Amino acid sequence: MCSEIRDSNGWFKSSALSRVLQGYRVEYPFQVLEIGCYQGVSTLHLLNSLCNHKHSKLVAVDPFVNNTKDDFKYNISLSPNNKKLWLYEMKSKDFFKDSHLFFDFIYIDGDHHPDALENDLECSWKILNQNGTLWIDDYLGGGEKKILKPVVDRFLLKHHSVIKILHKGYQVGLMKL
C-alpha cells in the first residue's frame, strides 16, 4: 500500500510519529483529532493505527488552502477505516469554537503562524482526555528562526506539572496527566 500513497514531500514517513505508529494497532474505542492534514498521509497512518475499533473515529480539520484535497481524498480511500473519518473543511480556530468533542490523541500540524499554533495548543489541551497524547509537528521547524519552538516551549512550561514528555526532537509528543 505504501507505494500507492500520494506524498509529494515525504515529510511524514521520516517523522518520529511515523516510527511510533509502525506496527501499532489500537483495538478499543479511540478518538483522534488531526489539525492540518495536507495530503492525508499522516491521516492515513493515524486511521490505520489508531482507529481499528468500530466506535473509533478520526476528526480531521483543514481548510485545504494548498490545493491538496484530491490527494487527501485519494490517500484516505486506501484505508479500510476511511468511514471513521469526519472531515471539517475549515480553520482550526473555527472548529474549536463549536466543537464539544474530546479526544485521546491529537496531532497538530496546522497553521504555522505562532498565534495560530498557540491557539491550537491551548484549545487542543482543553479537549484532550486525561492520559491522552498530544503530538506537535515542526517544533524545530521554521528555518534558522525556529519560530514555533518558543510557542511550544511556553506551552510546555505553562503545563509542566500535568504533562509527561514522550518525545522531544523535531516533533514533540506529550501525555496529559
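My aim in this report is to walk through the structure given alongside it, one point at a time.

Notes on the state of the cysteines
Tallying each qualifying case throughout the model produces zero disulfides. C51 carries a free sulfur, and the closest cysteine sulfur to it, the one in C37, is 12 Å from it.

Comments concerning helix α5 (residues 114–126)
Relative to the 18 Å expected for 13 residues at 1.5 Å per residue, α5 spans 19 Å between its end C-alpha atoms, a close match to the ideal helical length. Taken as a whole, α5 has its buried residues at L117, D120, L121, E122, C123, S124 and W125.

Focus on the environment of W125
Relative to the helices and strands, W125 resides in helix α5. Spatially, the C-alpha atoms of W125 and G10 are 28 Å apart, while their sequence positions differ by 115 residues. Setting aside residues no more than four positions away along its own chain, W125 makes contact with L134, F155, H159, V162, I163, L174 and K176. One polar contact links W125 to H159, side chain to side chain, over a distance of 3.3 Å.

A closer look at the sheet that holds strand β5 (residues 128–136)
Strand order across the open sheet formed by seven strands is β3-β2-β1-β4-β5-β7-β6, with mixed pairing between neighbours. Because the sheet does not close on itself, it has two edges, and the strands there are β3 (85–88) and β6 (163–168). Shown here is a sheet whose adjacent strand axes are inclined to one another by a mean of 15°, direction ignored. Looking at chain direction, β5 and strand β7 (residues 172–176) are connected through four bridges and run antiparallel. Note that in β7 the partner of L134 across the bridge is L174. Helix-sheet contacts for α5 involve β1 (31–35), β4 (103–108), β5, β6 and β7, and the interaxial angle to β5 is about 155°.

A closer look at the packing of α5 against helix α6 (residues 149–158)
The description of two helices packed together rests on the angle between their axes and the distance between the axes. Two elements in contact, α5 and α6, have axes whose closest approach is 9 Å; the angle formed by their N-to-C orientations is 30°. Relative to α6, α5 is oriented roughly parallel. The crossing of α5 and α6 is right-handed. Facing α5, whose interface residues are P114, L117, E118, L121, E122 and W125, α6 presents V151, V152, F155 and K158. In terms of residue class, the contact of α5 with α6 is built from seven nonpolar, no polar and three charged.

Regarding the environment of D138
Within the secondary structure, D138 sits in the loop between β5 and α6. With 31 residues separating them in the primary sequence, D138 and G169 have C-alpha atoms 9.1 Å apart. If we ignore the near neighbours within four places in the chain, the residues touching D138 are D109, H112, L148, Y170 and Q171. At 3.0 Å, the side chain of D138 and the side chain of Y170 are in polar contact.

Quick look at the pattern of salt bridges
The full count for this structure, using the stated rule, is six salt bridges. Residue D94 pairs with K97 through a salt bridge whose shortest N-O separation is 3.6 Å. Here D94 and its partner K97 are both found in helix α4 (residues 92–98), three residues apart, which amounts to about one turn of the helix. For K97, a relative accessible area of 60% gives the class exposed. Between E122 and K158 there is a salt bridge whose closest N-O contact spans 3.4 Å. Here the residue E122 occupies a position in helix α5, and K158 occupies one in helix α6, the gap between them amounting to 36 residues. K158 gets classed as exposed once you look at its relative accessible area, which sits at 56%.

Rules of the game
All residue numbers refer to position in the chain's written sequence, counted from 1. Owing to the predicted nature of the model, reporting of local features is limited to residues with pLDDT of at least 70; listing and counting of side-chain atom pairs is limited to 80 or more, with chain, interface and lining totals taken over all residues. Side-chain measures were taken over the full set of non-hydrogen atoms in the model, leaving aside hydrogen atoms and water. Any two cysteine sulfur atoms lying within 2.5 Å of each other are counted as a disulfide. Helix and strand definitions follow DSSP, with helices as H or I runs of at least four residues and strands as E runs of at least two, each counted in order from the N terminus. Each residue after the first adds 1.5 Å to the expected span of a helix. When a residue's accessible area, from a 1.4 Å probe over protein chains only, is under 20% of the maximum for its type it is buried; when over 50% it is exposed; and in between it is partly exposed. Between two residues, a contact is recorded if the distance between any of their heavy atoms is within 4.5 Å. Throughout this description, a polar contact denotes any pair of N or O atoms lying within 3.5 Å of each other; where both atoms belong to protein, one of them has to be capable of donating a hydrogen while the other can accept it, and for residues adjacent in sequence the pair is counted only when both atoms sit in side chains. Following DSSP output, two strands are said to pair if at least two bridges run between them. The axes are straight lines fitted to the C-alpha atoms, using for helices just the contacting stretch, and the angles between their N-to-C directions are given from 0 to 180°. An angle below 35 degrees is treated as roughly parallel, one above 145 as roughly antiparallel, one from 65 to 115 as roughly perpendicular, and anything else as oblique. When the near helix sits turned anticlockwise from the far one by under a right angle, the crossing is termed left-handed; a clockwise turn instead gives a right-handed crossing. By the convention adopted, Pro, Cys, Tyr, Trp, Phe, Met, Ile, Leu, Val and Ala count as nonpolar, Lys, Arg, Asp and Glu as charged, and the other residues, Gly among them, as polar. Only one rule defines a salt bridge in this text: a Lys or Arg side-chain nitrogen within 4 Å of an Asp or Glu carboxyl oxygen.

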